[in-house]
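# Survey of secondary and tertiary structure
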Amino acid sequence: MKKSRYGLIGAVLILAMMLGQITSVRGTTYTCAGSVGAEAIWRVKTVHEGSLTAIFGASWKTSIQNSFGPGSQELGARLKTKVTHINSSQNVIGFETCNITSDLWTWTTKSFGPTPNVTGVPTYILLHPKNLTFYCQFYSGYTKNVSEAFAYPFLNALPIPAATYLSELIWDNDYVISGTTVTHNLVAPYVGLVLYLVNCTETWRYSSSYGTFLGYKLVHNNGTTAYETVLETPSAAIPGFELSIVIGASMGIVISLIFVVMKKKR
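Read on for a plain summary of the structure.

### What to know about the side chain of serine 63
Residue placement: serine 63 occurs in helix H3 (residues 60–68). With sequence-adjacent residues up to four places away left out, serine 63 is seen in contact with Phe56 and Val194.

Structure below.
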């Protein structure tokens, strides 16, 4: 995420506080599940050039990289994160937030080097769904609810219970929530973080136990899988993960800035 976007987010939150709209939430208690040193690796499983060209045009590689980071357009590319610090409760301009700091090895088709490409990068998870809904509504000028265009900075991982958190968000009408799976049935032309030229479906799913983002899948309206990423971290390292589940999401989630929230096997 670029520094300018952090500045924009900060400005929005400050203005929201000035307007007295910050939500004080009671009800379900949300927490971050994680541990320092936890690692995860994602892999690009599917790249269908024909379908991607139909969906994004001739510049589909740029569209994929704009959403998921440099190198994410390459079949077989892998990305790695390692948690270095967790602040389970931090106040960010009036919002109760979990701050996960990670080191990042960016997308590559080669072996990961001994040192990360980026160190000490934070991700912020709003611990109350009403606050995230308000953020999206305010950021959109009260024309939209939760959607890819507005919520993605805070959807790189979820607090737990993840299914309850997703169900309590107020989503735009073209989103469907089922457990820890979010499905976006978009009608083209659609402008999210990038422009979609044909109708398609994109989904993402999270670990119900840890809130970790598990992967991404984009399907052309003819049924062809256009693009897909999967979490390939061995199940022994992440208790409860079902690696047979092939899932996905766009929502503009910038996978190069995913910071894993999970527990190591003790």
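### Thoughts on helix H4 (residues 129–139)
In terms of burial, H4 is largely enclosed, as nine of its eleven residues are buried. Listed in full, the buried residues belonging to H4 are Pro129, Asn131, Leu132, Thr133, Phe134, Tyr135, Cys136, Gln137 and Phe138. Immediately downstream of H4, the backbone of glycine 141 shows phi near 75°, a positive value.

### A few points about the state of the cysteines
Throughout the structure, instances matching the rule amount to one disulfide. There is a disulfide in this structure between cysteine 32 and cysteine 98, and the S-S distance comes to 2.1 Å. You can see cysteine 32 sitting in the loop between helix H1 (3–18) and strand E1 (39–47) and its partner cysteine 98 sitting in strand E3 (residues 95–108), a full 66 residues away along the chain. Here cysteine 32 falls in the buried class, since its relative accessible area comes to 16%.

### Things to note about the packing of aromatic side chains
Using the criterion set out here, one finds 15 aromatic pairs in the structure. The interplanar angle of 85° and the centroid separation of 5.3 Å between the aromatic rings of tyrosine 30 and tyrosine 165 together place this pair among those described as edge-to-face. Separated by 135 residues along the polypeptide, tyrosine 30 in the loop between H1 and E1 and tyrosine 165 in helix H6 (residues 162–168) bring together distant segments of the chain. Judged by its relative accessible area of 6%, tyrosine 30 falls in the buried class. Looking at tyrosine 165, the relative accessible area reads 0%, which means it is buried. Taking 5.5 Å as the distance between ring centres and 45° as the angle between the ring planes, the aromatic pair formed by tyrosine 135 and tyrosine 139 counts as tilted. Of this pair, tyrosine 135 and tyrosine 139 both sit in helix H4, separated by four residues, roughly a single helical turn. A relative accessible area of 1% means that tyrosine 135 is categorised as buried. A network of ring pairs unites the aromatic residues Tyr135, Tyr139, Phe150 and Phe154 as a single cluster. Over the face of the ring belonging to tryptophan 105 we find lysine 80, whose NZ or CZ atom lies 4.5 Å from the ring centre.

### What about the nonpolar core?
Grouped together as the largest cluster of nonpolar side chains are 49 residues, with contacts concentrated most on Phe56, Leu132, Trp171, Tyr196 and Leu218. Contact partners of leucine 132, with chain neighbours within four places excluded, come to Leu126, Ala151, Phe154, Leu155, Tyr165 and Leu169. Among the nonpolar cores identified, the runner-up in size contains eight residues, and Cys32, Ala38, Ile100 and Leu127 belong to it.

### Side note on the pattern of salt bridges
Under the definition given, this model contains four salt bridges. Residue glutamate 232 pairs with arginine 43 through a salt bridge whose shortest N-O separation is 2.9 Å. Residue glutamate 232 is found in the segment after strand E11 (225–231), and its partner arginine 43 is found in strand E1; the two are separated by 189 residues along the sequence. We classify glutamate 232 as partly exposed; its relative accessible area is 26%. Judged by its relative accessible area of 28%, arginine 43 is partly exposed. Linked through salt bridges whose partners overlap, the residues forming this network are Glu39, Lys80 and Lys82.

Parameters at a glance
- Residues numbered from 1 in each chain as written.
- Predicted model: local features only at pLDDT ≥ 70, side-chain atom pairs only at ≥ 80, totals over all residues.
- Heavy atoms only, no water.
- Helix = DSSP H or I, 4+ residues; strand = E, 2+ residues; numbered from the N terminus.
- Contact = heavy atoms within 4.5 Å.
- Buried < 20%, exposed > 50% of the residue type's maximum accessible area, 1.4 Å probe, protein only.
- Disulfide = S-S within 2.5 Å.
- Phe/Tyr/Trp six-rings, centres within 6.5 Å; stacked < 30°, edge-to-face > 60°.
- Lys NZ or Arg CZ within 6 Å of the ring centre and 35° of its normal.
- Core = buried A, V, L, I, M, F, W, Y, C linked by side-chain atoms within 4.5 Å.
- Salt bridge = Lys/Arg side-chain N within 4 Å of Asp/Glu carboxyl O.

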